[in-house]
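Survey of secondary and tertiary structure
Residue strings, one per chain:
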Amino acid sequence: VKAASNDAGYRESDFSASDAGKRPLTKVLAIQGDLAFGDVVINTTATKTVSLQNNGNTLLTVSGITLPAAYTADWTAGTLAPGASQNVVVTFAPT
């Protein structure tokens, strides 16, 4: 069996009949939430929560979350087991 993708970052994979029942390891990060802060008064803060979920079937390592100036997060790195989720509180503090 051949599995192909039209994404240039992936190559064609071969699976034999002896691989039956084995699933390829996948890491799928789903992000849910709204980071539209709206109007925030200078020198005050506003927070929003997003949820990161590993929809894959193997351990997912988040090595870092990069945010623009004036934004911070309470969780920026770690691991997520398959099916696990992590809430991330993002704070916007304009100055």
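Residues numbered from 1 in each chain as written. Predicted model: local features only at pLDDT ≥ 70, side-chain atom pairs only at ≥ 80, totals over all residues. Heavy atoms only, no water.

1. So, the nonpolar core
In terms of nonpolar packing, the biggest core is built from 12 residues, these being Phe37, Val40, Ala46, Val50, Leu52, Leu60, Val62, Trp75, Leu80, Val88, Val90 and Phe92. Mapped onto this core, the elements with two or more residues apiece are strand E4 (46–54), strand E5 (60–62) and strand E8 (85–92). When sequence neighbours within four positions are dropped, the list of residues in contact with Trp75 reads Leu52, Val62, Ile65, Gln86, Asn87 and Val88. (Core = buried A, V, L, I, M, F, W, Y, C linked by side-chain atoms within 4.5 Å. Buried < 20%, exposed > 50% of the residue type's maximum accessible area, 1.4 Å probe, protein only. Helix = DSSP H or I, 4+ residues; strand = E, 2+ residues; numbered from the N terminus. Contact = heavy atoms within 4.5 Å.)

2. Quick look at the pairing of E4
The pairing of strand E3 (residues 29–32) with E4 spans 4 bridges and is antiparallel. Paired with Ala30 across the two strands is Gln53, which belongs to E4. Of the strand pairs in this sheet, E4 and E8 are connected by 8 bridges, and their pairing is antiparallel. Residue pairing across strands places Thr49 opposite Val89, the latter belonging to E8. (Pairing = 2+ DSSP bridges.)

3. Topic: unusual backbone geometry
Its identity as a non-glycine residue notwithstanding, Asn43 has a phi of 70°, on the positive side. Looking at the element boundaries, Asn43 is found in the loop between E3 and E4. Judged by its relative accessible area of 64%, Asn43 falls in the exposed class.

4. With respect to the side chain of Asn54
Its place among the elements puts Asn54 in strand E4. At 3.0 Å, the side chain of Asn54 and the backbone oxygen of Leu80 are in polar contact. (Polar contact = N/O pair within 3.5 Å; in protein donor to acceptor, adjacent residues only side chain to side chain.)

5. A word on the confidence of the model for the chain
Across the chain, pLDDT averages 83, with 77% of residues at or above 70. Of all secondary-structure elements in the chain, the lowest mean pLDDT belongs to strand E1 (residues 2–3), at 42, while E8 reaches the highest, 97. pLDDT under 50 marks residues 1–7. Its contacts with residues more than four places away, or in other chains, come to 12 contacts. (pLDDT = per-residue confidence, 0-100.)

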